[in-house]
Amino acid sequence: MAINWFPGHMHKARKDIARIMSEVDVVIEVLDARIPYSSENPLVPNLRGTTPCIKLLNKADLADPEITSVWVRHMEKEQGVKALPVSARQPAQIRQLLPMCRELVADRNTEARNIQAMIMGIPNVGKSTLINLLSGRKIAKTGDEAGVTKAQQRIRLDERIVLTDTPGFLWPKLTPPECGYRLAATGAIKDTAFAYDDVAMFLAGYLGKRYPQAVQGRYGIDPVPDEDVALLEAVGRARACLGRGGHVDFDKVSALLVNELRSGLLGPISLETPDMIEKEVADAQRAAEIKAQQKAERDAARRARARKNR
Ligand code: G4P
């Protein structure tokens with residue numbers, strides 16, 4: 001699914017973050033536990049360099065705990081990275097962040113000064129909710145739209161740790177194309193930016209294969225079709241999302257499925273695993289190479305034609 005962002009804002013965010021990164025002791029990257037890869041900003045790994053990083057897998061209450069554990073192990077293979085599944089619904093989990101920060105920066109000579117932490121996250125991963133919980137007060141939310149100037153916020157979390165919010169707007173992954181569907185399904189992309197039925201189709205195909213019990217439990221369908229249209233149709237009938245002549249109204253059932261997934265009514269569900277991502281990234285790379293090759297061939301043919309006509 002294609003999503004458009006503004007190159008100018010991307011460039012500015014890159015410059016602003018690069019500028020402050022040298023003063024940062026630890027990066028706190030907030031991700032959506034249901035889509036830990038898709039909800040990452042593509043700049044962060046590069047800009048972070050070797051700065052220690054805590055990946056907060058937020059909304060863990062909505063994610064499949066087994067898959068979340070797989071992600072934690074996968075992420076912690078990287079040097080200097082710790083992953084912590086949390087839910088804003090369980091504030092005690094979030095307080096674990098503070099000792100984890102102190103532990104991660106142990107060799108950065110911070111004994112005589114404050115530990116500088118920077119929090120980053122694409123919109124809607126729950127960054128503001130977490131900042132409020134960590135600071136124990138309601139911090140004004142500013143500039144979450146692309147292009148809106150953001151007031152730099154510095155928040156003291158305890159006697160040693162000072163938290164800075166990211167300057168600028170962070171956008172999610174744009175490729176592989178599956179990321180777009182997952183961001184839309186979880187509500188990370190505004191509903192006006194995509195068609196519900198496209199996203200519901202993607203979701204239905206995935207749920208039918210990976211979470212048939214969840215679909216059966218919620219909608220009482222037995223057996224659960226593993227094909228997208230058949231599954232949507234079955235949910236539509238189970239929930240009387242019907243239009244004229246008793247046909248399933250696909251717009252209605254699409255909105256129902258997406259909204260019920262978002263609010264956790266289907267139970268804890270994760271939409272991606274490291275293995276799936278590895279395959280999708282390889283497929284996208286192959287597709288890009290084929291496209292580049294085809295373009296090179298077309299250009300060569302055009303040049304040959306031009307030479308012949310001279
Ligand atoms: P942001 O700053 O990253 O843009 O995100 P924000 O904190 O505004 O959170 C986005 C939505 O995600 C909010 O819901 C918030 O309540 C919800 N949320 C945050 N953390 C968690 C979590 O750990 N679990 C669950 N289930 N939800 C979480 P909203 O409906 O947009 O607003 P609200 O009416 O709940 O405030």
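Our structure's up above, just so we're on the same page.
Criteria and cut-off values
- In every chain, residue numbers begin from 1 and rise along the written sequence.
- Where local features are concerned, this predicted model is filtered to residues with pLDDT of at least 70; where side-chain atom pairs are given and counted, the filter is 80 or more; whole-chain, interface and lining totals use all residues.
- In computing side-chain properties, one takes all heavy atoms of the structure into account and sets aside hydrogens as well as water.
- Buried, partly exposed and exposed residues are distinguished by accessible area as a fraction of the type maximum, computed with a 1.4 Å probe on protein chains only: under 20%, between the cut-offs, and over 50%, respectively.
- Numbering of helices and strands starts at the N terminus; helices are DSSP runs of H or I of at least 4 residues and strands are runs of E of at least 2.
- Note: two strands are recorded as paired if DSSP finds a minimum of 2 bridges between them.
- Stacked, tilted and edge-to-face are the three classes assigned to paired rings of Phe, Tyr and Trp, where Trp is represented by its six-membered ring and a pair needs centres within 6.5 Å; plane angles under 30 degrees give stacked, over 60 edge-to-face, the rest tilted.
- Note on geometry: a ring has a charge over it if NZ (lysine) or CZ (arginine) is within 6 Å of the ring centre and within 35 degrees of the ring normal.
- Here, residues are in contact when the closest pair of their heavy atoms is within 4.5 Å.

Draft legend 1. Main features of the pairing of strand β6 (residues 161-165). Taken across its five residues, β6 has five buried, putting it largely inside the fold. In β6, alternate side chains face the same way, and those of Ile 161, Leu 163 and Asp 165 on one face and Val 162 and Thr 164 on the other are all buried. Both strand β4 (residues 115-120) and β6 contribute to a ladder of five bridges, which runs parallel. Across the sheet, residue Ala 117 finds its bridge partner in β6, namely Leu 163. Pairing geometry for strand β5 (residues 154-156) and β6, over three bridges, is antiparallel. The residue of β6 that forms the bridge with Ile 155 is Leu 163. Following β5, the chain reverses through four residues before pairing antiparallel with β6.

Draft legend 2. Broad picture of the packing of aromatic side chains. Inspection of the entire model under this criterion finds two aromatic pairs. Between the aromatic rings of Tyr 206 and Tyr 211, the centroid separation amounts to 6.1 Å while the plane-to-plane angle is 55 degrees, which identifies the pairing as tilted. Taken individually, Tyr 206 and Tyr 211 each receive the classification buried, so the pair is uniform in this respect. The ring of Tyr 37 has Lys 173 lying over it, and the distance from NZ or CZ to the ring centre is 3.5 Å.

Draft legend 3. Representation of the environment of Ala 214 in the model. Residue position: Ala 214 is located in helix α9 (residues 212-219). According to the relative accessible area criterion, Ala 214 is buried, its value standing at 17%. Distance from Ala 214 to Glu 297, taken between C-alpha atoms, is 48 Å for residues 83 residues apart in sequence. If near-sequence neighbours (up to four positions away) are discounted, Ala 214 is found in contact with Leu 266 and Ile 269.

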